[in-house]
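Structural characterization, general
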Amino acid sequence: MTLPTDASSTPEVLRAQAVVDLGAIAHNIEHLRSMTTAEVLVVVKADAYGHGMVRVAAHARRMGIDWLGVALPEEALELREHADTGRVLAWLATPDQSSIDACVEQHVDLGISTPWALSHVIDAALKHGVTARIHLKIDTGLSRGGASAMDWTDLVDAAAQAQADGTVFVDGVWSHLVSGEDPNAEITDVQAQTFADALRVVQRAGLNPTWRHLGNSGAVLSGAARTRGFEHTMVRCGIATYGITPGRVLGEPNDLGLRPAMTLHARLAQVKQIPAGQGVSYGHQWIADRETTVGLVPLGYADGLPRTAVTPSVWIAGRRCAVLGRIAMDQCVVDVSGVDASAGTEVIVFGPGDRGEPTAEEWAEWAGTIGYEIVTRIGPRVPRRYVGEVGRG
Ligand SMILES: *Cc1c(COP(=O)(O)O)cnc(C)c1O
């Protein structure tokens, strides 16, 4: 977990830092709100996809976001420790009574898929003398969490009984998409239909939960949630908040009206010449075919740069500079031949792309992954610095 820091109070970080533009996050949240009539729950799991959970959460609250979503109970409890008192949904509890107790005690809503989770929640509610708020989850095809269709009626009936007893309140019913980022995915219609059927079971049990949610960033940005009629009353948006495309099939962030929020900066640690014929980095995967000026970037795979990236580059002094050879744990070597670079020169590993610097999407392509993984894996050794907050630094 990255400690929240203020731009003003952070000493200039010479090695590296991830600058998070809260103005971009605000823009993206407003854009998502303009794309849907449903309530936008902002997903801040995994340290807000690497952007810093506590700061992003506080920023979203100031924008009037009522709902935050996290995977783990521990993430929700961390928000509470940082004085977040708003609605939080945590959807990935394991059979650990103490973390469920703490969530129920601290009014965290829990996503519930199984009889054991329901009984843990009921026990917690009895223990603390409160009514626990839950969102029942149906598996509509992802085969991850969620009750199977054949177990759904039993789960709903058990929850309805608990609601009648006063231990739980079913405030939501939800599911998660297989291919939300693909506007043409046929499975989405199947899932929307299965979800509608599941809602009818809930109604028949006498429950009428306010929050019914299936869509994610991709489903909102593609318009599928609206046009295919499964917007319901809430959508859960993560990646678009951070200005990263949910899938390149949908388009680049710019085409989608998003602004990437994270820029990963570093400073060169050393610059030197190597002769023609000399190899660079582990295994000498790259050999200089001429005299080359190399720059040492003090970021490596321990910081989240994907070691498997093919032909990656970074941005130095207005130019794209190729990464030479293997990315190591703490560092990598770049070609700065003909570039005005010396020790201390700024390196932009990725950013919004406005100046020609690589984007997280490009890194994802080089590494054969998705933008989600690039930003989420930027490690705890890289301090986060926040800019663009209205009325602050
Ligand atoms: C991560 C997650 C989301 C957010 O998805 P994005 O594609 O980032 O918008 C929504 N719901 C669940 C259950 C998730 O795990």
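Please read all numbers here as calculations on a predicted model, not as lab measurements.

Further remarks concern the nonpolar core. Ranked by internal contacts, the top residues of the largest apolar core, which has 120 residues, are Val44, Trp152, Ile316, Phe350 and Trp363. Three or more residues apiece are contributed to this core by two domains, here domain 1 (35–242) and domain 2 (262–387). The next biggest cluster of nonpolar side chains, apart from the first, holds six residues, and it includes Ile274, Ala288, Leu324 and Val333.

For the rest of this paragraph, the subject is the site of the ligand. Around the ligand sit 14 residues, and of these Lys45, Tyr49, Ser217, Ile239 and Tyr372 come closest. Note that an oxygen atom of the ligand is positioned 3.4 Å from one of the side-chain N or O atoms of arginine 144. One nitrogen or oxygen atom from the main chain of glycine 238 is found 2.9 Å from an oxygen atom belonging to the ligand. Notes on the ligand: free accessible area 380 Å², of which the protein chains cover 94%. In this structure the site holding the ligand corresponds to the largest pocket. Elements with a minimum of two residues in the shell around the ligand: helix 2 (45–49) and strand 9 (234–237). Broken down by class, the residue content of the shell around the ligand amounts to seven nonpolar, four polar and three charged.

It is worth spelling out the sheet that holds strand 6 (residues 132–137) at this point. Judged by pairing direction, the barrel is parallel, and its eight strands sit side by side in the order 2-3-4-5-6-7-8-9 before closing back on the first. In this sheet, adjacent strand axes meet at a mean angle of 30 degrees when their direction is disregarded. Direction of pairing for strand 8 (residues 211–215) relative to strand 9: parallel, over a ladder of two bridges. Within the sheet, the bridge partner assigned to glycine 215 lies in strand 9 and is valine 235. Helix 3 (residues 53–62) contacts strand 3 (67–70) and strand 4 (87–90) of the sheet and is inclined by roughly 155 degrees relative to strand 3.

To continue, consider the layout of surface pockets. Of the pockets and cavities examined, the largest pocket occupies roughly 740 Å³. What lines the largest pocket is a set of 32 residues, among which Lys45, Trp91, Leu142, Arg144 and His176 lie closest to the centre. Of all the elements in the fold, those that place two or more residues in the lining of the largest pocket are helix 2, strand 5 (109–112), helix 6 (115–128) and helix 12 (371–376). Counting residues per element, the lining of the largest pocket draws most heavily on helix 2, which supplies three residues. The class makeup of the residues in the lining of the largest pocket is 17 nonpolar, ten polar and five charged. Residues from two domains meet in the lining of the largest pocket; each of domain 1 (35–242) and domain 2 (262–387) gives at least three. Volume-wise, the second largest pocket comes out at about 310 Å³. As for the second largest pocket, its lining consists of 19 residues, of which Lys272, Val280, Ser281, Leu296 and Val333 are closest to the centre. Contributing elements (two or more residues each) for the lining of the second largest pocket: strand 11 (270–274), strand 12 (279–280), strand 14 (292–297) and strand 17 (332–335). In terms of residue count, the dominant contributor to the lining of the second largest pocket is strand 11 (four residues). For the lining of the second largest pocket, a count of residues per class yields ten nonpolar, six polar and three charged.

By the assigned domains, the chain splits into domain 1 (35–242) and domain 2 (262–387). Carbon and sulfur atoms supply 63% of the area that domain 1 and domain 2 bury against each other, a total of about 730 Å² over both sides. At the surface where domain 1 touches domain 2, the tally comes to zero salt bridges. Scanning the region where domain 1 abuts domain 2 turns up two residue pairs in polar contact (both at pLDDT 80 or more).

A word on the side chain of glutamate 389. Structurally, the position occupied by glutamate 389 is in the segment after strand 19 (384–387). Beyond its immediate chain neighbours, meaning those up to four positions away, glutamate 389 contacts Leu22, Arg55, His59 and Arg62.

The rules we used
- Sequence positions are assigned chain by chain, starting from 1 and proceeding in written order.
- The predicted origin of the model limits local features to residues at a pLDDT of at least 70 and limits the giving and counting of side-chain atom pairs to 80 or more, whereas totals for whole chains, interfaces and linings rest on all residues.
- As a rule here, side-chain values come from all non-hydrogen atoms in the structure, and water together with hydrogens is ignored.
- Definition used in this section: a nonpolar core is a set of buried Ala, Val, Leu, Ile, Met, Phe, Trp, Tyr and Cys residues joined via side-chain atoms within 4.5 Å.
- Residue burial is assigned from relative accessible area. The probe radius is 1.4 Å, only protein chains are included, and a residue is buried under 20% of its type maximum, exposed over 50%, and partly exposed in between.
- Start and end points for every domain follow an automatic or database-based domain assignment.
- Note on definitions. A residue lies near a molecule or strand when any single heavy atom of the residue is within 4 Å of it.
- For this analysis, a polar contact is any N or O atom pair within 3.5 Å, provided that within protein one partner can donate a hydrogen and the other can accept it, and provided that sequence-adjacent residues contribute only side-chain to side-chain pairs.
- Surface accessibility follows the Shrake-Rupley procedure with a 1.4 Å probe radius. Residue values consider only the protein chains on display as shielding.
- Cavities and pockets are defined on a 1 Å grid built over the protein atoms alone: a cavity is a set of grid points where a 1.4 Å probe fits but cannot escape, while a pocket is an open set with protein on both sides within 12 Å along at least five of seven lines, and lining residues are those with an atom within 4 Å of any such point.
- Just a note on the criterion: a molecule sits in a pocket or cavity if more than half of its atoms are within 2 Å of the grid points.
- Strands are runs of DSSP state E lasting at least 2 residues, helices are runs of H or I lasting at least 4, and numbering of each runs from the N terminus.
- Classes in brief: Ala, Val, Leu, Ile, Met, Phe, Trp, Tyr, Cys and Pro nonpolar; Asp, Glu, Lys and Arg charged; the others, Gly included, polar.
- Pairing between strands is defined by DSSP: at least two bridges between them are needed.
- For helices, the fitted axis covers only the stretch in contact; all axes are lines through C-alpha atoms, and the angles between them, taken along N-to-C directions, range from 0 to 180 degrees.
- Two residues form a contact once any of their heavy atoms are found within 4.5 Å.
- Grid points are joined across faces, edges and corners, and a volume is the space filled by probe spheres set on the points.
- Accessible area that two parts lose when put together, evaluated with a 1.4 Å probe and summed over both, is termed the buried area.
- The salt bridge criterion pairs a side-chain nitrogen of Lys or Arg with a carboxyl oxygen of Asp or Glu, the two atoms within 4 Å.

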